[in-house]
Amino acid sequence: MRADRVTPGSQTSLREANRARIVSAVQQRGSLTQIELAGVTGLSPATISNIVKELTVAGVLHTSQSVRNGRRALQVTLARNLGVVAGIRFGMRSLSVALADASMRVLAEQRMPLAPDHRADAGLQRTAMLIREMLESVDADPSELLAVGVGVPAPVDIRTGQVVTVGMMRGWDGVHVDEILGAELDVPVTADNDSTLAAIAEARFGAGAGHDSVAYIRVSHGVGGGLVLGGRALHGRSGVAGEIGHVSVDEHGPVCRCGNRGCLEMLVGASSLLAMLPPEAGHLTLADLVARAQDGDAGSRRVVFDAGRHLGVALANLCNLVDPDVVVIGGKLAEAGELLLEPLRTSLGQRIVATSRGPVEVVPSALGADAGVRGALAAALDQARMFGSLGVSS
């Protein structure tokens, strides 16, 4: 056996594993003190200090002085020179794009409206052009782009990057998102359902941080959901896991865009909620509905109340099957706060299996409208790490 060969139990392989553990923790959390790193990784403060110094000299990590709880502390982030990643979220009517460095610090962000039936080819080409412009705006060379994460409001087979459903997102049926955008930008691209990416972001950085299992529900123009169990996103056989918006709650209800009848989305999606208001209310948006409810309008408050009640019924089925630690509610309707959450919790509590631990915690999103694009950035960083672009192997 050669003397320089790394064996599984050697000190060299252990040190490499510890380096990867530290870089992974900083990558996922964005920024930590050395003390926090010790708690997250389980490594000793001395080991943390030595490896952080080594990786700082190597240009992988960056350290700066900060103050925590009145004491000076050394803050650790990933180095800017490792490159940048892009996160993209296609909504039904809007597009969000962000650039971030390897510590998840957002460098630039753009939002723009989309036509209701925007097509994948034009949308992805336009997004590639926008990313190039944003790279130029932050003085980053195109070669510094490491990877791209993309979220779309439809189930995606993450193995192929293909939108797997028909009719859920017109103009996107069967599209291989990663292939099209990867060819445009010549970098690794990972595509996923936008609500699953939002669930990942809330679990890592938001309202679900510190919990082992997180259910995320987005209620806006449509209704989506994502599940993180044991720290990993659940996708299922074909990427449909978490699609609570298309759980049938009324077998005789109206036909949904997915082709089924009486889906939850047909009860609490934006168009259905707005249709419940009297004609004299005029042409309103979902934001208008939320604002009117918060201002005390009785009809708007009742619409939001009933939406919360319907969501609680559907969530009870999900919670009885998955039993998450916490349920995070996001999307435009979640901005109604307790007007939505109070009837939701009541309806959920009446139908969930009672245990000695009490009802599942239901909380509003901490990341709000940024959850999807933050999840896309996290997916891009995971992709960059998988391809070895961050300079430290896993």
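In this text, all values refer to a predicted model and were calculated from it rather than measured experimentally. (Residues numbered from 1 in each chain as written. Predicted model: local features only at pLDDT ≥ 70, side-chain atom pairs only at ≥ 80, totals over all residues. Heavy atoms only, no water.)

This next bit is on the overall build of the protein chain. Within the protein chain, the regular secondary structure consists of 12 helices and 15 strands. The C-alpha atoms of the protein chain give 22 Å as radius of gyration, which agrees with the globular expectation for 394 residues (21 Å, within 12%). Along the longest, intermediate and shortest principal axes, the C-alpha atoms of the protein chain span 75 × 50 × 45 Å. A total of 394 residues make up the protein chain; the buried ones form 51% of that total. In the protein chain, of all internal contacts separated by at least 6 residues, the share reaching a separation of at least 24 is 61%. By element, 50% of the accessible surface of the protein chain is carried by carbon and sulfur atoms, the whole surface being about 18,400 Å². Within the protein chain, the 40 negative side-chain charges are centred at a point lying 5 Å from the centre of the 36 positive side-chain charges. (Helix = DSSP H or I, 4+ residues; strand = E, 2+ residues; numbered from the N terminus. Rg over C-alpha atoms; globule rule 2.2 N^0.38 Å. Buried < 20%, exposed > 50% of the residue type's maximum accessible area, 1.4 Å probe, protein only. Contact = heavy atoms within 4.5 Å. Areas by Shrake-Rupley, 256 points an atom, 1.4 Å probe, with all protein chains shown as cover. Lys, Arg positive; Asp, Glu negative; His and termini not counted. Charge placed at Lys NZ, Arg CZ, Asp CG, Glu CD.)

Attention now goes to the sheet that holds strand E5 (residues 94-101). In spatial order, the strands read E6-E5-E4-E7-E10; together these five strands make up an open sheet with mixed pairing. Because the sheet does not close on itself, it has two edges, and the strands there are strand E6 (106-113) and strand E10 (189-193). Adjacent strand axes in the sheet meet at a mean angle of 15°, parallel and antiparallel pairs treated alike. In terms of strand pairing, E5 meets E6 through seven bridges, oriented antiparallel. Residue pairing across strands places Ser94 opposite Pro113, the latter belonging to E6. Of the strands in this sheet, strand E4 (84-90), E5, E6 and strand E7 (145-152) are in contact with helix H4 (residues 120-137), which crosses E5 at around 35°. Here helix H6 (residues 194-205) sits on the sheet and contacts E4, E7 and E10; the angle it forms with E10, its principal contact strand, is near 100°. (Pairing = 2+ DSSP bridges. Axes fitted to C-alpha atoms, helices over the stretch in contact; angles between N-to-C directions.)

Moving on, we come to the side chain of Asp101. Structurally, the position occupied by Asp101 is in strand E5. Assessed through its relative accessible area of 3%, Asp101 is described here as buried. Polar contacts involving the side chain of Asp101 include one to the main-chain amide nitrogen of Arg105, which spans 3.0 Å. (Polar contact = N/O pair within 3.5 Å; in protein donor to acceptor, adjacent residues only side chain to side chain.)

So, about the nonpolar core. Membership of the largest hydrophobic core comes to 48 residues, with the highest contact counts inside it found for Ile22, Leu37, Ile48, Leu61, Leu78 and Val85. Those residues within four positions of Leu61 in sequence are excluded, and the remaining contacts are Ile22, Val52, Leu55, Thr56, Val76, Thr77, Leu78 and Ala79. Judged by nonpolar contacts, the second largest core, of 38 residues, contains Ala215, Ala293, Cys319 and Ile352. (Core = buried A, V, L, I, M, F, W, Y, C linked by side-chain atoms within 4.5 Å.)

A few words on the sheet that holds strand E14 (residues 326-330). Strand pairing within a sheet occurs via backbone hydrogen bonds; the two strands may be parallel or antiparallel. A sheet is described by the order of its strands in space; here five strands give the open sequence E13-E12-E11-E14-E15, paired in mixed fashion. Lying at the two open borders of the sheet, with one neighbouring strand each, are strand E13 (232-233) and strand E15 (361-364). Judged from the two bridges that link them, strand E12 (residues 223-229) and E13 form a sheet pairing that is antiparallel. Residue pairing across strands places Val228 opposite Ala233, the latter belonging to E13.

Bringing the confidence of the model for the protein chain into the picture now. Scored by pLDDT, the protein chain has a mean of 88; 94% of the residues are at 70 or more. Per-residue pLDDT stays below 50 along residues 1-9; that stretch engages in five contacts with residues further than four places along the chain or on separate chains. (pLDDT = per-residue confidence, 0-100.)

Another aspect to go through is the environment of Ala199. With respect to the secondary-structure elements, Ala199 resides in helix H6. The buried category is assigned to Ala199, whose relative accessible area is 0%. Between the C-alpha atoms of Ala199 and Ala233, which are 34 residues apart in sequence, the distance is 7.8 Å.

Here we take up the packing of aromatic side chains. Tallied over the full model, the rule gives one aromatic pair. Residue placement shows Arg374 over the ring face of Phe205; its charged tip is 4.8 Å from the ring centre. (Phe/Tyr/Trp six-rings, centres within 6.5 Å; stacked < 30°, edge-to-face > 60°. Lys NZ or Arg CZ within 6 Å of the ring centre and 35° of its normal.)

The packing of two helices is summarised by the inter-axis angle and the distance between the axes. At a minimum axis separation of 9 Å, helix H2 (residues 34-41) and helix H3 (residues 45-57) run at an interaxial angle of 115°. Both H2 and H3 take part in a crossing whose hand is right-handed. Of the residues in H3, those touching H2 at Gln34, Leu37, Ala38 and Thr41 are Pro45, Ile48, Ser49 and Val52. (Left-handed = near helix turned anticlockwise from the far one by under 90°.)

Listing the buried residues of H2 in full gives Gln34, Leu37, Ala38 and Thr41. The buried residues of H2 occupy an angular sector of 100° when the element is viewed end-on, so they sit on one face. Relative to its buried face, H2 has exposed residues pointing more than 90 degrees away, namely Ile35 and Gly39. Looking one or two places after H2, you find Gly42, whose phi comes out positive at around 80°. (Arc of directions from axis to C-beta.)

With 16 residues, helix H12 (residues 371-386) should cover 22 Å at 1.5 Å per step; its first-to-last C-alpha distance of 22 Å lies within 8% of that length. Buried residues dominate H12, accounting for 13 of its 16 residues. (Expected span 1.5 Å × (residues − 1).)

This part takes up the pairing of E12. With six of its seven residues buried, E12 lies for the most part within the structure. Of the strand pairs in this sheet, strand E11 (residues 213-219) and E12 are connected by seven bridges, and their pairing is antiparallel. Across the sheet, the residue bridging to Ala215 is Leu227, located in E12. If you look at the hairpin formed by E11 and E12, you'll find three residues sitting between the two strands. Turn length for the E12-E13 hairpin, with the two strands adjacent in sequence and antiparallel, is two residues, and the turn residue Gly230 shows positive phi of about 60°.

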